[in-house]
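Chain by chain, the residues:
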Amino acid sequence: MKKKTTIPLNEIRFFRKLIHDFTDLDSKLKPFLKSFVHLDSIQANLNLKKKHRAILSNVIKEQYDETIFVNSDMSILDNNISKLANNNVYTVTTGHQLNLCVSPLFLIYKITSVIAYANYLNNAIKDSYFVPCFWMASEDHDFDEIKSLHLDGKSYHWNMNNQDAVGNLSSKSITHILEQIKDLLMMSNHGKELFDIYNYAYTNNSNYANATRSVLMSLFGDYGLVVVDGNHRKLKELFYPYLKAEVEENYVYKTVLQTNQLLKANYQPEINAMKTNIFYLYNNIRSKIHFDQNKYFTHDHDKCWSKSELLDEILSFPERFSPNVFLRTLYQEVVMPNLLYIGGPSEVAYWLQLKNMFETLGVEYPLLALRSHFLILSSRISNIMSTLNLADDDLFLTSHDQIKNILNHQSLIGLDDNYFIIHDQFMKMKNKISSIKGFPMQSFYVFEKRFQNELSRFRSKVLKFEKTKNPDIITQINFIHDSLFPHDLPQEKVKSFIPYYIKYGKDFFDLLIQESPIFENKYTILTEEA
């Protein structure tokens, strides 16, 4: 990578107003935050007290002991896991579903962001220590969201019927996908290394959660990344009081509903308040628990409880109960000494709905930051941009607007220049006519509007004509757009990190960590060398 430019996120069309305001530190969001994140706000929260540090550290050690790794050097990780028991140690956390082969790119960006923040804080604050953590959403059962890998213009799918938490699935059922992508990975030594990591993890571990931990340890263990799986009895025992309170008081629905009403003054809430927020996880099925004013029940388990029966089972078998998206955030913060949560735009949006819930339960609400965003340009795309005189910030325009700007710039007719001349003439005409006593100005405005409409139609005809004269420009712009924004989605949401690992190995991660902005919200554009 040879060139780097940055563009403020609030200038990017993919982000909604709430995220633009978040990046601008808009005061309208202060009621929904502990504080905007910066070094001072982190230092002000270093008195965070957590009761369960030793339990967390021991559970993580147990989870790593149950996992089989292709690389057995755990020295850096062991040190970080042990340190979690210390009162001056805090976590910087992100999390995500267990996407196939740790793709697409934005999942890697989340991980490199927490590593970059932890590195920065460990250098800036000497009396405390910060551990980068990845919370695996192993209890999620939305299999469709994790089953696909998009690589080198092709899509690969992990097909199976599933109602279980995805972390419980057999990872051996993925090996047919590894065989399909093997030839691509074997193109370089880095690719061979990555194939061995995948193959060893997916064939030797007992379930998909352990296999994912194994992959992440091989890729990011040297950076100190600690992987946490909340699907564990000892951790869920710590969460029993909050599950009990939810059954008795339905606090999630009440607090989120209140917050959403406040948010709606300026924004559309990310997620609606939900009256049922606990799942039953048993016999390979994860099913939502409903309440009909008389009893609690699940559809898929054909099971029902009275309130006392449900609370008794939660107390006796906490591992059978699984939090939804709202409760998961609370669970995570109850069991971890977390100061800072780093997420994508949608995550930050729903975290902003939850401060009231945390305060109601007396749980520390974390500071929030957006993960890093990157756009990676190939040398071919960079060369085309130079030929077309296309600037980096033009990349975030629609392909139609890119084509229009280029053709207008190149057009011999020069409509843009003439438009300003015509506009200036209309303003002079308006000033003269308005000085005529009694002249009906509305007739002038009607004339002006008709002329503008005709001019707009004429501009469209000129653009259409220019397109027929310049098919190569159209082809080049469409190639750029389809490469960087497939299906009009950012590159990071579709493409895998695998092609970059094949080329660069862990140097790719080093670069992302180095270029991840700290306390700044920018889209970073990186260009590959030829």
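Residues numbered from 1 in each chain as written. Predicted model: local features only at pLDDT ≥ 70, side-chain atom pairs only at ≥ 80, totals over all residues. Heavy atoms only, no water.

1. Here we look at the pattern of salt bridges
Opposite charge on two side chains makes pairing possible when the charged atoms of those side chains draw close. To keep it simple, the criterion reads: A pairing counts as a salt bridge when a side-chain nitrogen of Lys or Arg comes within 4 Å of a carboxyl oxygen of Asp or Glu. By definition, any uninterrupted DSSP run of H or I lasting at least four residues is a helix, any uninterrupted run of E lasting at least two residues is a strand, and each is numbered from the N terminus.
One pass over the full model with this rule turns up 23 salt bridges. In this structure, the salt-bridge partner of Glu359 is Lys355, at a minimum N-O distance of 3.9 Å. With a gap of 4 residues between them, Glu359 and Lys355 both fall in helix H15 (residues 355–361), about one helical turn apart.

2. Structural notes on helix H8 (residues 208–220)
What counts is decided by this rule: Each residue after the first adds 1.5 Å to the expected span of a helix. Under the scheme applied here, a residue whose accessible area is under 20% of the maximum for its type counts as buried, over 50% as exposed, and between as partly exposed, the area being computed with a 1.4 Å probe on protein chains only. Counted as a polar contact is a pair of N or O atoms within 3.5 Å, where, for protein atoms, one must be capable of donating a hydrogen and the other of accepting one, and residues adjacent in sequence contribute only when both atoms are in side chains.
An ideal rise of 1.5 Å per residue puts 18 Å on 13 residues; H8 measures up with 18 Å between its terminal C-alpha atoms. Extensive coverage of H8 is indicated by the burial of 13 of its 13 residues. A distance of 3.2 Å separates the backbone nitrogen of Ala209 from a side-chain oxygen at the start of H8, and that oxygen is part of Asn207.

3. A look at the packing of helix H10 (residues 240–249) against helix H12 (residues 307–316)
This is how the line gets drawn: Where helices are involved, their axes are fitted lines through C-alpha atoms of the stretch in contact, as for all axes, and angles between N-to-C directions lie from 0 to 180°. What sets the label is the angle itself: under 35 degrees gives roughly parallel, over 145 gives roughly antiparallel, 65 to 115 gives roughly perpendicular, and the rest give oblique. Handedness of a helix crossing follows the sense of rotation of the near helix relative to the far helix, less than a right angle counterclockwise being left-handed and clockwise being right-handed. Whether two residues are in contact is decided by their heavy atoms, any of which lying within 4.5 Å being enough. Residues are sorted three ways: Asp, Glu, Lys and Arg are charged, Ala, Val, Leu, Ile, Met, Phe, Trp, Tyr, Cys and Pro are nonpolar, and all the rest, Gly among them, are polar.
Relative to each other, H10 and H12 sit at 165°, their axes nearing to 10 Å. Classified by the angle between their axes, H10 and H12 sit roughly antiparallel to one another. Judged by the sense of rotation from one axis to the other, the crossing of H10 with H12 is right-handed. Residues Tyr240, Leu243, Lys244, Val247 and Glu248 of H10 lie in contact with H12, whose contacting residues are Lys307, Leu310, Leu311, Ile314 and Leu315. For the contact of H10 with H12, the residue count by class is 7 nonpolar, no polar and 3 charged.

4. A closer look at the sheet that holds strand E8 (residues 285–288)
Inclusion rule: One bridge is not enough; two strands pair if DSSP finds at least two bridges between them.
The 3 strands lie next to each other as E8-E7-E12, forming an open sheet whose pairing is antiparallel. The strands lining the two open edges of the sheet, one partner per strand, are E8 and strand E12 (321–323). Pairs of neighbouring strands in the sheet enclose a mean axial angle of 35°, with direction left out of account. Both strand E7 (residues 278–282) and E12 contribute to a ladder of 3 bridges, which runs antiparallel. Note that in E12 the partner of Ile278 across the bridge is Pro323.

5. A short note on the pairing of strand E16 (residues 522–527)
The element E16 is largely enclosed, with a buried count of 5 among its 6 residues. Here strand E1 (residues 3–8) runs beside E16; their pairing, made up of 6 bridges, is antiparallel. Bridge assignment links Lys4 to a residue of E16, and that residue is Leu526. The pairing of strand E15 (residues 373–377) with E16 spans 5 bridges and is parallel. Residue pairing across strands places His373 opposite Tyr523, the latter belonging to E16.

6. Focus on the packing of aromatic side chains
Applied cut-off: The pairing test for Phe, Tyr and Trp rings, Trp by its six-membered ring, is centres within 6.5 Å, and the orientation test on the planes gives stacked under 30 degrees, edge-to-face over 60, and tilted for anything in between. Remark: a charge is flagged as sitting over a ring if the NZ atom of Lys or the CZ atom of Arg is within 6 Å of the ring centre and within 35 degrees of the ring normal.
Enumeration according to the criterion identifies 34 aromatic pairs in this entry. Look at Trp305 and Phe321: their rings are 6.5 Å apart centre to centre, the planes differ by 50°, and that puts the pair in the tilted class. Remark: Phe321 occurs in strand E12 and Trp305 occurs in strand E11 (residues 303–305); sequence separation between them is 16 residues. Like Phe321, Trp305 is buried. The structure contains a cluster of three or more aromatic residues connected by ring pairs, namely Phe220, Tyr223, Phe497, Tyr500, Tyr501, Phe508 and Phe509. The ring of Phe279 has Arg286 sitting right over it, with the charged end atom 3.9 Å from the ring centre.

7. Thoughts on the sheet that holds strand E6 (residues 226–229)
Spatial ordering of the open sheet is given by E6-E3-E2-E13-E14, a layout of 5 strands whose pairing is parallel. A single partner strand is all that each edge strand has here, and the edge strands are E6 and strand E14 (367–370). For this sheet the average axis-to-axis angle between neighbouring strands, irrespective of direction, equals 30°. One ladder, built from 4 bridges, connects strand E13 (residues 338–343) with E14; its direction is parallel. Bridge assignment links Tyr341 to a residue of E14, and that residue is Leu368. Together, strand E2 (89–96) and E6 form the strand contacts of helix H3 (residues 53–65), whose direction differs from that of E6 by roughly 95°. The strands that helix H4 (residues 75–83) touches are E2, strand E3 (129–136) and E6; relative to E3, the one it contacts most, it runs at about 100°.

8. Notes on the packing of helix H16 (residues 379–388) against helix H20 (residues 471–484)
At their nearest, the axes of H16 and H20 sit 11 Å apart, and the two run at 140° to each other. Judged on the interaxial angle alone, H20 and H16 are oblique. By crossing handedness, the relation of H16 to H20 is classed as left-handed. Facing Arg380, Ile381, Ile384, Met385 and Leu388 of H16, the residues of H20 in contact are Ile473, Gln476, Ile477, Phe479, Ile480, Ser483 and Leu484. In terms of residue class, the contact of H16 with H20 is built from 9 nonpolar, 2 polar and 1 charged.

9. A word on the side chain of Asn80
Positionally, Asn80 belongs in helix H4. Asn80 gets classed as buried once you look at its relative accessible area, which sits at 3%. Looking at Asn80, its side chain comes within polar contact range of the side chain of Tyr129, at 2.8 Å. In this structure Asn80 touches Tyr129, Val131, Pro132, Gly224 and Val226, once residues within four positions along its chain are discounted.

10. Some remarks on the environment of Asn277
The residue Asn277 is located in the loop between helix H11 (251–263) and E7 in this model. By relative accessible area, which is 2% here, Asn277 ends up buried. Linking Asn277 and Leu354, residues 77 residues apart in sequence, is a C-alpha distance of 14 Å. Contacts of Asn277, omitting those with residues within four sequence positions, involve Glu246, Asn250, Val252, Tyr253, Ser322, Pro323, Asn324, Phe326 and Leu327.

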